[in-house]
Amino acid sequence: MQPRRLFVETYGCQMNKAESEAIVADLAAEGWELARKPDDADLVVINTCSVRETAEERIRGRLGWYRRLKRGRHFTLLLTGCMAERLGQRALEEFPEIDALVGTYGREGLREAVRRAGAGERPVVDGDGTFRFAARHSSGGPRAFVPVMHGCDNFCSYCIVPFVRGPEVSRPAAEVLAEVRALDANGCLDVTLLGQNVNSYRRGDGGTITFPRLLGRVAAEAGRIRWIRFLTSHPKDLSPDLIAVMAEEPRLCRHVHLPVQSGSDRVLAAMNRGYTAGGYLRLVDAIRGALTGVSITTDILTGFPGETEEDVRLTLALMERAGFDEAFTYRYNPREGTAAALLGDPVQEPLKLERLDRIIAAQRRIVVRRAGERLGKVAEVLVEGVSRRNPGELLARTEWDAMAVLPGDPSLIGRFVRVRLESLAGATFRAAIL
Ligand code: SAM
Ligand code: SF4
Ligand code: F3S
């Protein structure tokens with residue numbers, strides 16, 4: 001029998017990437033092999049994101065490309081992920097090229113959906129409203145992601161995630177630990193625990209396993225896994241216990257991703273974030289005070305309805321004061337069904353872009369300062385692969401989640417090496433092996 005070839009295209013966050021890995025692992029167990037490009041595949045899975053309209057537009061464009069590809073050859077096209085969940089049946093009406101649709105709660109039915117599509121049906125699978133975590137989310141390699149919770153109860157006024165991912169569910173600690181042990185047995189060295197808001201993790205032992213306790217258990221059972229990370233921390237829920245466990249346990253990497261969104265209390269309240277700029281900065285001080293060498297990264301959202309020049313000034317001042325090691329910056333996009341969508345979209349696009357430019361420029365200066373303090377120092381890095389820009393160089397990650405390029409042999413991939421950090425290109429270090 002001819003091997004069946006699979007191509008998975010992923011958009012959106014790390015959670016989606018982990019879930020795509022789970023899809024690959026699941027289908028591989030049924031005999032599917034990975035195709036190198038979509039043109040060679042018998043099955044294409046597009047794992048979609050809805051967080052911004054721009055994300056959906058890219059996917060729509062991509063679906064158009066697949067529509068044209070379908071004129072020349074037969075293959076099954078399956079849409080899953082947050083946009084599939086958001087559009088549901090509407091997606092099948094809008095995109096005739098889609099053969100099957102699997103929503104957030106239908107992941108277990110994905111293989112069945114592939115079979116039914118093969119038999120000429122056009123299935124829409126959306127499960128029974130109970131989210132089930134896959135057992136594994138890695139198809140090998142030194143670095144892996146392990147979802148520990150799913151969904152979100154925070155309802156930040158701009159955000160679609162609670163609508164497409166549903167309410168928070170924490171994964172039983174025993175399942176998390178089993179996956180971590182399996183990764184260790186497979187030679188994984190760097191694990192990231194995932195959730196939209198990991199600090200509200202609570203499950204098992206009658207609800208007493210908090211996220212810091214879970215981290216302690218994962219660290220205790222990690223075997224040869226040297227680095228343990230987690231994403232994303234919500235500032236309103238990050239507890240002193242979390243800082244304490246990070247200070248005690250050497251395997252917990254000194255990096256906290258702590259999205260701030262805005263430096264203006266008025267905007268933060270309108271966003272329903274549950275903290276003030278002052279509270280956020282106190283948290284930053286507590287983290288930096290307890291964890292030497294820690295990096296703090298963030299997300300910033302500009303152009304929220306009603307955002308004024310003064311609000312932008314407050315955001316820039318907060319960025320300066322917090323000294324973010326990295327910031328992911330976005331301009332606001334209204335999302336259907338969210339509370340903020342009712343406020344319209346009064347900040348005009350050119351103004352949003354201009355504000356975004358100023359925020360990006362400020363962050364560049366902060367990165368030069370923050371990362372500059374690490375230049376000349378020795379660090380341990382985990383080599384992840386060959387640099388895409390220069391095949392003669394390797395790409396590696398530091399404990400504090402910065403990237404480094406270094407000359408070296410590909411045989412070092414998957415190994416820890418000691419390097420000296422010599423210079424900077426943007427936020428990426430150029431390093432030399434010691
Ligand atoms: N759970 C994380 C948190 O609490 O910040 C964030 C998850 S969200 C998938 C990632 C980022 O997308 C957010 O931090 C926010 O900056 C951005 N984002 C969310 N909704 C957006 C919207 N409507 N327009 C533009 N950016 C948005
Ligand atoms: Fe969205 Fe807020 Fe939940 Fe993050 S915490 S996923 S920004 S609703
Ligand atoms: Fe996008 Fe869904 Fe993640 S909307 S950012 S893929 S949770």
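This text goes with the structure placed above it.
Reading the values: rules and limits
Residues numbered from 1 in each chain as written. Chains lettered and ligands numbered in written order. Predicted model: local features only at pLDDT ≥ 70, side-chain atom pairs only at ≥ 80, totals over all residues. Heavy atoms only, no water. Axes fitted to C-alpha atoms, helices over the stretch in contact; angles between N-to-C directions. Helix = DSSP H or I, 4+ residues; strand = E, 2+ residues; numbered from the N terminus. Parallel < 35°, antiparallel > 145°, perpendicular 65-115°, else oblique. Left-handed = near helix turned anticlockwise from the far one by under 90°. Contact = heavy atoms within 4.5 Å. Buried < 20%, exposed > 50% of the residue type's maximum accessible area, 1.4 Å probe, protein only. Pairing = 2+ DSSP bridges. Near = heavy atom within 4 Å. Polar contact = N/O pair within 3.5 Å; in protein donor to acceptor, adjacent residues only side chain to side chain. Nonpolar A, V, L, I, M, F, W, Y, C, P; charged D, E, K, R; others polar. 1 Å grid on protein atoms, 1.4 Å probe; cavity = no way out; pocket = protein on both sides within 12 Å on 5 of 7 lines; lining within 4 Å. Points joined across faces, edges and corners; volume = space filled by probe spheres on them.

Quick notes on the packing of helix α11 (residues 277-290) against helix α12 (residues 309-322)
Contact geometry for α11 and α12: axes closest at 10 Å, N-to-C directions at 15°. Here α11 lies roughly parallel to α12, going by the angle between them. When the axes of α11 and α12 are compared, the crossing they make is right-handed. Contacts between α11 and α12 involve Ala277, Tyr280, Leu281, Val284, Asp285 and Arg288 from the first element and Leu318, Arg321 and Ala322 from the second.

Looking at the environment of Tyr158
Within the fold, Tyr158 resides in the loop between β8 (149-150) and α6 (161-165). Judged by its relative accessible area of 11%, Tyr158 is buried. Measuring from C-alpha to C-alpha, the distance between Tyr158 and Ala341 comes to 7.1 Å, with 183 residues separating the pair along the chain. Leaving out residues up to four positions away in the same chain, Tyr158 has contacts with Gln261, Met271, Arg273, Leu301, Phe304, Tyr332, Arg335, Thr338 and Ala340.

Digging into the environment of Pro346
Residue placement: Pro346 occurs in the loop between β14 (326-331) and α13 (349-372). You can call Pro346 partly exposed: its relative accessible area is 45%. Pro346 sits 43 residues away from Gly303 along the chain, and the two C-alpha atoms are 8.5 Å apart. Residue contacts for Pro346: discarding those within four places in its chain leaves Pro305 and Gly306.

Description of the pairing of strand β17 (residues 403-407)
Pairing of strand β16 (residues 393-398) with β17, which is carried by five bridges, proceeds in the antiparallel orientation. Bridge assignment links Ala396 to a residue of β17, and that residue is Ala404. As consecutive antiparallel partners, β16 and β17 are separated by four residues, and within that stretch Asp401 has a phi angle of approximately 70°, a positive value. As judged from the two bridges shared by β17 and strand β19 (residues 428-433), these two strands associate in the parallel manner.

Some thoughts on the side chain of Asn47
Of note, Asn47 is situated in strand β3 (residues 43-48). Assessed through its relative accessible area of 0%, Asn47 is described here as buried. Once residues within four sequence positions are removed from consideration, Asn47 is found in contact with Glu9, Thr10, Tyr11, Asn16, Glu19, Ser20, Thr80, Gly81 and Arg107.

What about the site of ligand 1?
Taken together, 17 residues are adjacent to ligand 1, and Tyr158, Gln196, Gln261, Asp299 and Asn333 come closest. Gln196 is positioned with one of its backbone polar atoms (N or O) 2.9 Å from a nitrogen atom of ligand 1. Broken down by secondary-structure element, the contributors of at least two residues to the shell around ligand 1 are β13 (295-302) and β14. When its residues are assigned to classes, the shell around ligand 1 shows seven nonpolar, five polar and five charged.

Quick look at the sheet that holds strand β11 (residues 227-231)
Taken in spatial order, the three strands make up an open sheet running β7-β10-β11, and their pairing is parallel. Taken across any chain shown, the strands that pair with only one partner, and hence form the sheet edges, are β7 (143-147) and β11. Across the sheet, the mean angle from the axis of one strand to that of its neighbour is 25°, orientation sign disregarded. In this structure, β7 lies alongside strand β10 (residues 190-194), joined through five bridges in parallel fashion. Note that in β10 the partner of Ala144 across the bridge is Val191. Helix α7 (residues 173-185) contacts β7 and β10 of the sheet and is inclined by roughly 170° relative to β7. Here helix α8 (residues 211-220) sits on the sheet and contacts β10 and β11; the angle it forms with β11, its principal contact strand, is near 155°.

Some points on empty space enclosed by the protein
Using a probe with the size of a water molecule, rolled over the atoms, empty space left in the structure can be pinpointed. What the rule picks out here adds up to one cavity of 30 Å³ or more. Approximately 50 Å³ is the volume found for the largest cavity. What lines the largest cavity is simply Thr104, Tyr105, Gly106, Arg107, Glu108, Thr130, Phe131 and Arg132. Split into classes, the residues belonging to the lining of the largest cavity amount to two nonpolar, three polar and three charged.

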